[in-house]
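A structural walkthrough
These are the residues of each chain, in order.
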Amino acid sequence: MFPRQQEPETRRRGRAARMNARKSRSNRTVKAGATAKFKVKSPPLATPNFQKSPPAAGHRRAGRALAAASGGAGPRKYSSERPAVKPARKVPPILLEGDKPVGPKQISKPPQKPALEPAPPVEVPVVREEELPATYGTGKLRLAARDPHWVYAHWDLASEQQRQLNELSAHRHLVVRVGHETAPAGPFVEAHVQPESRHWFVYVKDAGERYVAELGYYAADGQWKGIAASNPAATPADAPARDTTARFVTIPPDMPLSGLAEGGRQAAPQAEMAPVPGAPSPSPNHKPAQETTTPPDSLLKSTPGEGAWPAGSLAGEGQPAGRVPSGGGLEGFQEPPKPSAPPQPLPPLTTFAEWTPERVQALAEWIAPDRSRPAPANSLVIAEWLGGHIQAEIPAMEALPPGLPAEGIIQVSSPLGGQESAPKGFWFNVNAELVIYGSTEPDARVTIGGRAIQLRPDGSFSFRFALPDGQYELPITAVSAQGDTRQAKLEFYRGTRSEGAESAPPRDPALKPPAAENVETRQGMPPD
Amino acid sequence: MAGYLSLVLHAHLPFVRHPEHERFLEESWLFEAITESYVPLLQGLDRWWADGLEARLALTLSPTLCSMLQDSLLQDRYLRRLEGLVDLAEKEVLRTHWQKPFRELALFYHHRLECVRDYYLGCGRDLVGRFRRAQDRGQIEIVTTAATHALLPLLLAHPPSVRGQLRVACDHYRSCFGRDPRGIWLSECAYAEGLDQFLAESNLRWFILDTHGLMRAQPRPRYATFAPLFTDRGVAAFGRDPDSARQVWSRQEGYPGDPRYRDFYRDIGFDLDFDYIEPYVPSPGQRGFTGIKYCRVTGSEGEKAVYERQAALEAAAQHADHFLAQRLAQCRGAGKILDRPPLLVAPYDAELFGHWWYEGPEFLDSIVRKAAGCRNELRLITPGDYLREHPTNQLASPSASSWGEEGHWRVWLNEANEWIYPHLAAAQERMTELAGRFPSPAASEARALKQAARELLLAQASDWPFILRTGTSPDYARRRVKQHLLRFTRLYDQLTSSQLDESWISRIETRDNLFPDVDYRYWVERREERGA
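Per-chain numbering applies: the sequence of each chain, read as written, is numbered from 1 onward. By the order in which they are written, chains take letters starting at A while ligands take numbers starting at 1. Thresholds applied to this predicted model are a pLDDT of at least 70 for local features of residues and 80 or more for the giving and counting of side-chain atom pairs; totals over whole chains, interfaces and linings are not thresholded and use all residues. Only hydrogens and water are removed before side-chain values are computed, so all heavy atoms of the structure are retained for them.

**Things to note about the overall build of chain A**
- Numbering of helices and strands starts at the N terminus; helices are DSSP runs of H or I of at least 4 residues and strands are runs of E of at least 2. Assigned secondary structure in chain A consists of 8 helices and 16 strands.
- Sorting the 528 residues of chain A into buried and exposed places 45% on the buried side.
- Should any heavy atoms of two residues lie within 4.5 Å, those residues are considered in contact. Intrachain contacts of chain A at a sequence separation of at least 6 include 71% that bridge at least 24 residues.
- Computed by Shrake-Rupley with a 1.4 Å probe, the accessible areas treat only the displayed protein chains as cover when residues are assessed. With the model as given, the accessible surface of chain A reaches about 26800 Å², and the carbon-plus-sulfur share is 55%. Think of it in three bands: residues with accessible area under 20% of the maximum for their type are buried, residues over 50% are exposed, and the middle band is partly exposed, with areas taken using a 1.4 Å probe on protein chains only.

**Digging into the overall build of chain B**
- Regarding its fold elements, chain B presents 19 helices and 10 strands.
- Relative to a compact globule of 532 residues, whose C-alpha radius of gyration would be 24 Å, chain B shows 24 Å and is just as compact.
- Counting only C-alpha atoms and orienting by the principal axes, one finds that chain B spans roughly 70 × 65 × 45 Å.
- Per-residue burial over chain B gives 73% buried out of 532 residues.
- The long-range fraction of contacts in chain B, counting pairs at least 24 apart against all pairs at least 6 apart in sequence, stands at 79%.
- Roughly 14100 Å² of accessible area belongs to chain B as shown, and the carbon and sulfur atoms make up 47% of that amount.
- Under the convention used here, Asp and Glu are negative, Lys and Arg are positive, and both His and the chain ends fall outside the count. To locate a charge, the coordinates of NZ of Lys, CZ of Arg, CG of Asp or CD of Glu are taken. Chain B carries 67 positive and 73 negative side-chain charges, and their two centres are separated by 3 Å. For the radius of gyration, the atoms used are the C-alpha atoms, and the globule rule reads 2.2 Å times the number of residues raised to 0.38.

**What about unusual backbone geometry?**
- For the bond running from Gly186(A) to Pro187(A), omega is 5°, close enough to zero to count as cis.
- Within the secondary structure layout, Pro187(A) lies in the loop between β3 (175-180) and β4 (188-192).
- Cis geometry marks the peptide bond from Gln218(B) to Pro219(B), where omega comes out at -10°.
- On the secondary structure map, Pro219(B) appears in the loop between α8 (211-215) and β6 (229-230).

**Some words on the sheet that holds strand β15 (residues 470-479) of chain A**
All names here are of chain A.
- The strand order β13-β12-β15-β16 describes an open sheet built from 4 strands, whose pairing is antiparallel. Two strands in the sheet have a free side with no partner beyond their single neighbour: β13 (451-453) and β16 (485-494). The mean inter-strand angle of the sheet, taken between neighbouring strand axes irrespective of direction, is 25°. When DSSP finds two or more bridges between two strands, those strands count as paired. Working convention: axes come from line fits to C-alpha atoms, limited for helices to the stretch in contact. Angles between N-to-C directions cover 0 to 180 degrees.

**Here's the deal with the state of the cysteines**
- Any two cysteine sulfur atoms lying within 2.5 Å of each other are counted as a disulfide. As enumerated under the stated definition, the model contains 0 disulfides over all chains in all.
- Cysteine Cys374(B) remains unbridged, with the sulfur of Cys331(B) as its closest cysteine sulfur at 9.9 Å.

**As for the packing of helix α15 (residues 420-437) of chain B against helix α18 (residues 475-496) of chain B**
Residue and element names in this part refer to chain B.
- Direction vectors running N to C along α15 and α18 enclose 30°, while the axes themselves pass 11 Å from each other. As the angle between them shows, α15 and α18 are arranged roughly parallel. Judged by the sense of rotation from one axis to the other, the crossing of α15 with α18 is left-handed. Contact residues: Ile420, His423, Leu424, Ala427, Arg430, Met431, Glu433, Leu434 and Arg437 in α15; Val481, Leu485, Phe488, Thr489, Tyr492, Leu495 and Thr496 in α18.
- A breakdown of the residues in the contact of α15 with α18 according to their chemical character gives 10 nonpolar, 3 polar and 3 charged. Any angle between 65 and 115 degrees counts as roughly perpendicular, while under 35 counts as roughly parallel, over 145 as roughly antiparallel, and the rest as oblique. By convention the crossing between two helices is left-handed if the near helix lies anticlockwise of the far one by an angle smaller than a right angle, and right-handed if it lies clockwise. When residue character is reported, Ala, Val, Leu, Ile, Met, Phe, Trp, Tyr, Cys and Pro are called nonpolar, Asp, Glu, Lys and Arg charged, and the others, Gly included, polar.

**Things to note about the packing of aromatic side chains**
- Classification of ring pairs rests on two measures: the distance between centres of Phe, Tyr or Trp rings, Trp counted by its six-membered ring, which must be within 6.5 Å, and the angle between planes, read as stacked under 30 degrees, edge-to-face over 60 and tilted in between. Taken as a whole, this structure holds 35 aromatic pairs over all chains when the rule is applied.
- An angle of 35° between the planes, with centres 5.0 Å apart, marks the rings of Tyr152(A) and Phe201(A) as tilted. One end of the pair, Tyr152(A), is in strand β2 (residues 150-155); the other, Phe201(A), is in strand β5 (residues 199-203), and 49 residues separate them in sequence.
- A relative accessible area of 1% places Tyr152(A) in the buried class.
- Given the relative accessible area of 12%, Phe201(A) is considered buried.
- Ring centres of Tyr472(A) and Trp98(B) lie 4.6 Å apart, and the angle between their planes is 35°; this geometry places the pair in the tilted category. Of this pair, Tyr472(A) sits in strand β15 while Trp98(B) sits in the loop between α3 (72-95) and α4 (100-122), on two different chains.
- A residue is classified by how much of its surface remains accessible, and Tyr472(A), at 8% relative accessible area, is buried.
- Ring-pair connections join several aromatic residues into one group, and the members of that group are Tyr255(B), Tyr261(B), Phe323(B), Tyr348(B), Phe353(B), Trp357(B) and Phe363(B).
- Charge-over-ring contacts are defined here by two conditions on Lys NZ or Arg CZ: a distance within 6 Å of the ring centre and an angle within 35 degrees of the ring normal. Lying over the aromatic face of Trp224(A), Arg177(A) brings its terminal NZ or CZ to 4.0 Å of the ring centre.
- Here Arg262(B) stacks its cationic end above the ring of Tyr358(B), 3.6 Å away from the centre of that ring.

**Examining the packing of helix α9 (residues 242-249) of chain B against helix α12 (residues 309-337) of chain B**
All names here are of chain B.
- Across the interface, α9 lies against α12 with an axial gap of 11 Å and an inter-helix angle of 165°. With respect to α12, the element α9 is oriented roughly antiparallel. Helix-helix and strand crossings are classified by hand; for α9 and α12 the assignment is right-handed. Every residue of α12 that contacts α9 at Asp243, Ser244, Gln247 and Val248 is listed here: His322, Phe323, Gln326, Arg327 and Gln330.
- Classifying every residue of the contact of α9 with α12 gives 2 nonpolar, 5 polar and 2 charged.

**With respect to the pairing of strand β1 (residues 3-11) of chain B**
Residues and elements named next belong to chain B.
- Counting buried residues in β1 gives 9 out of 9 residues, a clear majority hidden from the surface.
- Of the two faces of β1, the one lined by Gly3, Leu5, Leu7, Leu9 and Ala11 and the one lined by Tyr4, Ser6, Val8 and His10 are each fully buried.
- Here β1 runs beside strand β9 (residues 378-380); their pairing, made up of 3 bridges, is parallel. Its bridge partner being in β9, Tyr4 is matched across the sheet by Arg379.
- Note that β1 and strand β8 (residues 343-349) share 7 bridges and pair parallel.

**Focus on the side chain of Thr470(B)**
- Note on placement: Thr470(B) falls in helix α17 (residues 463-470).
- Nitrogen and oxygen atoms within 3.5 Å of one another constitute a polar contact, given that in protein one can donate a hydrogen and the other can accept it, and given that sequence-neighbouring residues count only through two side-chain atoms. Side-chain polar atoms of Thr470(B) contact the backbone oxygen of Phe466(B), separated by 2.8 Å.

**Some words on helix α6 (residues 159-177) of chain B**
Residue and element names in this part refer to chain B.
- The first and last C-alpha atoms of α6 sit 27 Å apart over 19 residues, in line with the 27 Å expected at 1.5 Å per residue.
- Counting buried positions along α6 yields 16 of 19 residues, so the element is predominantly enclosed.
- With its phi angle positive at about 70°, Gly178 sits one or two positions after the end of α6. By definition here, a helix of n residues has an expected span of 1.5 Å times n minus one.

**Some remarks on the environment of Leu474(A)**
- With respect to the helices, strands and loops of the structure, Leu474(A) is situated in strand β15.
- Along the backbone, Leu474(A) and Ala488(A) are 14 residues apart, and their C-alpha atoms lie at a distance of 8.2 Å.
- Discounting residues that sit within four places of it in the chain, Leu474(A) has contacts with Ile436(A), Ile448(A), Gly449(A), Phe465(A), Ala488(A), Lys489(A), Leu490(A), Phe492(A), His97(B) and Trp98(B).

**Side note on helix α16 (residues 443-459) of chain B**
Residues and elements named next belong to chain B.
- A rise of 1.5 Å per residue sets the reference length of α16, with its 17 residues, at 24 Å; its end C-alpha atoms lie 24 Å apart and thus fit the reference within 8%.
- Looking only at α16, the buried set comprises Ala448, Leu449, Gln451, Ala452, Ala453, Arg454, Glu455, Leu456, Leu457, Leu458 and Ala459.
- Structurally, α16 contributes buried residues whose contacts are with α6, α15, α17, α18 and α19 (502-511).

Limitation: the analysis is restricted to geometry and does not speak to function.
The following block contains the structure:
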């Protein structure tokens, strides 16, 4: 799940800082995708205004790097096909096409979060933003458990209604009372809510309990006035059960469960608990569980005539299954025909050999205490540490003793939030890329560096290249449909010198000295 | 035999489909998952089949994900994106002509993307059909999940809503895979007492909980998480093995953090010149992920070094070895104590393998191959297989739990997203009212009722509150919830006032077009449920 994998704030900030502190890249070590801060205008794929220029002039314009022949400082000589008369210096139109100013939005920015960042779409139709209603006028109070010690209460009162009730209240606001379902007189927790609140999270002491809530207020005379009562909600357990009874049942894999559901509910309220000696102690050294040897009349056994399963059918075949056949009809609805097969008896409970205390203890020791705590993770964790906060390498490949306490577990709720190193002072990145472009007859075949390329319909082509330090040759060959061959061999040299380097890797160097002709060269014109 | 290992992959994405925009960022979630996770998984399954390897896996394919995989607009868009990436890789090959390590990678990506494209076209763009085939020939057990991945415990106060999510999911499963689902992945492994009743109604026979869901069961489980429990409705609850989880998920110890693996964030969509990359990013005008990345994890600080594919594959093989050795050790150790072979249940998000952890599919492949070699000691099975071999299990009531942060439902119910629930509560009750009011609707009313059910289901998705809680740009999620609730309310008003705006209904039908045969009658309230 992608939208389930969001990166926490601390990690994003840290990573942003790290990306901003991008150290300069030396082009002698291989680094990926250094960003050009000045760049050749990249010719787009479709260039309707592209003007064809003869190959001779084309390769002369190609490349921006100075050619520094060994020992020579002057420009490398180009092909002997250079025309005798120097044409007027002009920026080739292709380099101006698709020219977009590199604004702040388009500069390489660090990824803020994974691809699943829900950014607003670009073309949003202008629509008046509707709001959800503030109330539905039901006056109901609803309760939901969120975890072992927190419940969530929300109520549906109109603003005016709530305002009037607030005025009647001695405290000028409402109160939510939460108590055990089985103890209506109390004790309860009381939460005094804000005057405009429509919901509240309430802390409750007991995990594994059923609670109900009441919304009300204290009148001026101190009397409690109830407004609404909620449904019950059960808080989850926060510890292993004390009851260690172990009873087993055999359920054949093809036995439909839908009838079981009804039989279980109608026939049996609670399971019978076999007495467990020493049960109150939650320590691992409990006494062995007792087995029941007789199938109880309670759980799972269906009484004839009630909750009979549809014979031979699996639930959900063409109609919602599990309808109560014994007359629990739905108003205004057609009941499916009652099944005619006789009710199936349930399998009896199975007896198992009694476990010895030693065995129980061995398993308890085997299982780390942390097994009852939430284990790490889901995909949220992956997104977090894939962001680069990897603290340690994976331990060596010897087998870890099984059942070790899980001290390695990190609670998913606390991102590592490691401190990123701050950018080390002023930074500066420069790089260069190369654009080679040209044209020929549309039905010719062209290779660059031996690799066949696709011409545009008008016979033109252009390609960008990274240009790390080094000396390069690139033959470009065109073969016409009739078999005539033309070739141009371009040679480039790129050298890099860095200045002001510190103990950190050298910053990206400028490619050329800041001379006038080099400024023009940046526009794609060759030096002369 | 030492024991069983059950690998469970959970593939789910929320329903995101925006025909009104040419390129939409959030649709790229689907495209990336297809390219990097689902197709590689299918290719792996084909290879294992061809090599005669028996490897039973369980796989969730959520109804919303299947709907998107089968949608022709999204298929067209995906193919276009894939072609664009192949084109980009081609350009990269040229661009990196003089950078040998990068060029090798560019060639690798080019080849890989072409293979994905060939596979996608070769199967007629029908990935769901391919998964079905893998199930039909016995390689995988496909399980369903809630229709829109709603967090079911929070719907329990309104039983018809739970029923609706489950029944619609089962119907959809049947239409995709030609049989009834046997197992279910509860969204976020979220369970609360009473849910099993609804599962049993639909004959869903097993589900998976996080470790503490079993360990805090009432009474205490004898076999810990090494065997499932039966609830008193006869549904089996399996517990996640924390050690298998830790080795993959844990920040400290997890495999994917190895420095040799590919780094997720250093994508050329962010590194290269904007003009060059803009036609290939997911959202126009903004940098984004292309899937072509040249760096490896390297370390937590400093520059990233170039990704070396061979070293990464070796790492995956080593980690697979380690993982299996650990599982065997676990089984041998626990097996001495237990009186039956222990079962280790290892569920993961399917998108971990391939998308987040690029070498994940190779890790899985290694595991399957190596497991074949130690089949007599450690068997790869599915939870459904286990129940067939061990139909006798302990009766207990699992604890309410989830695999989310802090183990319960805090992620989906907190100050950032609680505002959703009052609206959902009202909408749910209104849906029941509508379902009861229209037992025999006219054709136009039936359409409106079905669309109302769709909008409600989409509003109930747990993805939205999750994004609101964990995302820093929750606008999309908020908009989605509001939009679905507003549409529902409008449909409710129109139905109750008998003034249907049919052209508007047609419009929203074509936008949110999942579950074409949704049965709104699932929201009818039963007599014994009234007053809940």
